[in-house]
Amino acid sequence: MKVKESMIGLVPYQPGRSMEEVKQELGLDQVVKLASNENPYGASPKAISAVSDAVQGIAVYPDGYAKKIREKTAEKLHVSEKQLLFGNGSDEVILILCRAMLNPGENIVTAHPTFPQYKHNAVIEGADTVEVPLKNGVHDLDAMLQAITEKTKIVFVCNPNNPSGTYVNEAAFLDFLNKVPEDVLVVSDEAYYEYVTAADYPDTIPLLKDHPNLLILRTFSKAYGLASLRVGFGVGSEALIQAVEPGREPFNTNSAAQAAAEAALDDTTFLQECTEKNAEEMRKFTDFLDRHGFSYYPSEANFLLLSVHRPGGEVFDRLLRAGYIVRNGEALGFPEHVRITLGTREQNQGIRNEIRRWLELDEPDE
Ligand SMILES: *Cc1c(COP(=O)(O)O)cnc(C)c1O
């Protein structure tokens, strides 16, 4: 038996270390995972109770059209229901797009480093990935534009970018979008949309009207705190969604996820509290880093990519032994960095205290 040529040499996604694994291995009682940009405040209590209710119906297939969450999302974003494509996480929307659009020999254009799932899915479809280095940590849209050829089907703009946390501003994005050939799909992956505070972050939904080659990705996994349930969506032109939709599994979003997402959308207070706390924690963390001369990329998301001037693995190990699972930048294309998801106030204090001990800083613990 043989897998298709394009699969050879591919490795499955390497997740961050699990809390159980680390507890056992290092004999720790308490471990905090700040590695996958999940919401440290959990999910809305309303979403949790919606899941309990939905559990009663698990013998029945979910609504494949995801009608309720579709209506609510369409209304909120002022788009039509036919402009939405729901996925088992926005990861699956990326998979569906690649599956529906890419032929062997064609390519996608991405930044580098960026979210690895674009390339991963392109590889499986036998397509190439043209990776354009970030410029000062930010997408180099001019170079990405130059990289587009007649073989290019999709350009992925991860905004804010994972793992750098940096963003492309409105003027740059608009200029880019206006220059990309109309038959090339531009995907704006906005997984951290809810966290962004920059005033000049692009408001992409209204751009759909004049740009049928734009597709926006959003997710319930990050600020909404529903990562485990797997629900995200794409917003694009009706024609595009209609054309790619047959590549979607019939029951790809489950009923608990749909119910939770619907409740989470209604609980605007919870979302706002989480994003406000994140902004506050980001301020405190960057103040600390500034005070001690660290360099890092300014982040519009809920994580920070921190330069440590030594192999990222050393700092990763040190924090791990103290019970904090972060991401080793070596696996993310930033060998002398660690990526830290912002946690609760206490978790962030704990991490900063560990950094103080590591650097023997002359400053009391928080
Ligand atoms: C987390 C993340 C996603 C995937 O989110 P799911 O909806 O959980 O699949 C997509 N894009 C980026 C950039 C992410 O960081």
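- Within an unreviewed UniProt entry, the label attached to the chain reads Histidinol-phosphate aminotransferase, and the organism entered is Alkalicoccus urumqiensis.
- Per UniProt, the comment on the chain under Subunit (unreviewed entry) is "Homodimer."
- Of the chain, the UniProt comment under Pathway (unreviewed entry) reads exactly: "Amino-acid biosynthesis; L-histidine biosynthesis; L-histidine from 5-phospho-alpha-D-ribose 1-diphosphate: step 7/9."

**Re the overall build of the chain**
- The helix and strand tally for the chain stands at 12 helices and 12 strands.
- In summary, the chain has a C-alpha radius of gyration of 21 Å against a globular reference of 21 Å for 366 residues, a match within 12%.
- Reported as C-alpha extents along the three principal axes, the dimensions of the chain are approximately 60 × 50 × 50 Å.
- Taking all 366 residues of the chain together, the buried fraction comes to 54%.
- Across the chain, contacts joining residues at least 24 apart in sequence account for 72% of those joining residues at least 6 apart.
- Looking at the chain as shown, the accessible area adds up to about 17,100 Å², and 51% of this sits on carbon and sulfur atoms.
- For the chain, the separation between the mean place of its 36 positive charges and that of its 54 negative charges on side chains is 2 Å.

**Observations concerning helix H3 (residues 67-77)**
- Every buried residue belonging to H3 is among Ile69, Arg70, Thr73, Ala74 and Leu77, and all of these are buried. Take H3 and look down its axis: the buried residues cluster within an arc of 130 degrees, on one side only. For H3, exposure combined with an orientation more than 90 degrees from the buried face picks out Lys68 and Glu75.
- Looking at the buried positions of H3, the neighbouring elements they touch are strand E2 (84-87), strand E7 (214-219), strand E8 (232-235) and helix H9 (255-266).

**As for the side chain of Asn353**
- Tracing the backbone shows Asn353 in helix H12 (residues 345-359).
- Separated by 2.9 Å, the side chain of Asn353 and the backbone nitrogen of Glu366 make a polar contact.
- Excluding residues that lie within four positions of it along the chain, Asn353 makes contacts with Asp365 and Glu366.

**A word on the UniProt feature "modified residue: N6-(pyridoxal phosphate)lysine" (unreviewed entry) in the chain**
- With numbering matched to this structure, UniProt assigns "modified residue: N6-(pyridoxal phosphate)lysine" (unreviewed entry) to Lys222.
- Tracing the sequence through the fold places Lys222 in the loop between E7 and E8.

**Describing the domain arrangement of the chain**
- Assigned domains within the chain: domain 1 (5-42 + 269-360) and domain 2 (56-265).
- Once you take the C-alpha centre of each, domain 1 and domain 2 turn out to be 25 Å apart.
- The interface of domain 1 with domain 2 comprises 26 residues on the first partner and 28 residues on the second.
- Contact between domain 1 and domain 2 buries roughly 2,200 Å² in total, counting both sides, with carbon and sulfur atoms accounting for 66%.
- Linking domain 1 with domain 2 are zero salt bridges.
- At the junction of domain 1 with domain 2, the criterion picks out eight residue pairs in polar contact (both at pLDDT 80 or more).

**Side note on the UniProt feature "domain: Aminotransferase class I/classII large" (unreviewed entry) in the chain**
- In the numbering adopted here, UniProt assigns the feature "domain: Aminotransferase class I/classII large" (unreviewed entry) to residues 30-349.
- For residues 30-349, the end-to-end C-alpha separation is 15 Å, with 37% helix and 17% strand making up the annotated structure.

**Considerations on the pattern of salt bridges**
- Within this structure, the stated rule accounts for 21 salt bridges.
- The closest approach of N and O atoms between Arg283 and Glu280, which form a salt bridge, is 2.7 Å. Of this pair, Arg283 and Glu280 both sit in helix H10 (residues 268-291), three residues apart, which is roughly one turn of that helix.
- Across the pair Arg357 and Asp365 runs a salt bridge whose closest N-O atoms are separated by 2.8 Å.
- For Asp365, a relative accessible area of 41% corresponds to the partly exposed category.

**Thoughts on the nonpolar core**
- Grouped together as the largest cluster of nonpolar side chains are 58 residues, with contacts concentrated most on Phe176, Phe220, Leu226 and Val235.
- When residues in this core are grouped by element, the largest group, eight residues, is from H9.
- When residues of this core are assigned to domains, at least three map to each of domain 1 (5-42 + 269-360) and domain 2 (56-265).
- Excluding its chain neighbours within four sequence positions, the residues that come into contact with Phe176 are Leu141, Met144, Leu145, Val155, Val157 and Val186.
- Residues Leu34, Leu304, Val326 and Ile355 belong to the second largest nonpolar core, which totals 26 residues.

**Section: the packing of H10 against H12**
- Axis separation between H10 and H12 bottoms out at 10 Å; the angle between their running directions is 10 degrees. Considering the angle they form, H10 stands roughly parallel to H12. Of the residues in H12, those touching H10 at Glu281, Lys284, Phe285, Phe288 and Arg291 are Arg345, Asn348, Ile351, Arg352, Ile355 and Arg356.
- Of the residues in the contact of H10 with H12, the class split is four nonpolar, one polar and six charged.

**Points about the sheet that holds E2**
- Taken together, seven strands build an open sheet; the order of strands is E2-E8-E7-E6-E5-E3-E4 and the sheet is mixed. The open sheet terminates on both sides in strands that have one partner only, identified here as E2 and strand E4 (128-133). For this sheet, the mean angle separating the axes of adjacent strands, direction not counted, is 20 degrees.
- Note that strand E6 (residues 185-189) and E7 share four bridges and pair parallel. Residue pairing for E7: Val187 is matched across the bridge by Leu215.
- Strand contacts of helix H7 (residues 170-179): strand E5 (152-158), E6 and E7, with the helix running at about 160 degrees to E6, the strand carrying the most contacts.

What counts and what doesn't
- Residues numbered from 1 in each chain as written.
- Predicted model: local features only at pLDDT ≥ 70, side-chain atom pairs only at ≥ 80, totals over all residues.
- Heavy atoms only, no water.
- UniProt positions renumbered as here; feature names shortened; annotations may be inferred.
- Helix = DSSP H or I, 4+ residues; strand = E, 2+ residues; numbered from the N terminus.
- Rg over C-alpha atoms; globule rule 2.2 N^0.38 Å.
- Buried < 20%, exposed > 50% of the residue type's maximum accessible area, 1.4 Å probe, protein only.
- Contact = heavy atoms within 4.5 Å.
- Areas by Shrake-Rupley, 256 points an atom, 1.4 Å probe, with all protein chains shown as cover.
- Lys, Arg positive; Asp, Glu negative; His and termini not counted.
- Charge placed at Lys NZ, Arg CZ, Asp CG, Glu CD.
- Arc of directions from axis to C-beta.
- Polar contact = N/O pair within 3.5 Å; in protein donor to acceptor, adjacent residues only side chain to side chain.
- Domains from an automatic or database assignment.
- Buried area = accessible area lost by both parts, 1.4 Å probe.
- Salt bridge = Lys/Arg side-chain N within 4 Å of Asp/Glu carboxyl O.
- Core = buried A, V, L, I, M, F, W, Y, C linked by side-chain atoms within 4.5 Å.
- Axes fitted to C-alpha atoms, helices over the stretch in contact; angles between N-to-C directions.
- Parallel < 35°, antiparallel > 145°, perpendicular 65-115°, else oblique.
- Nonpolar A, V, L, I, M, F, W, Y, C, P; charged D, E, K, R; others polar.
- Pairing = 2+ DSSP bridges.

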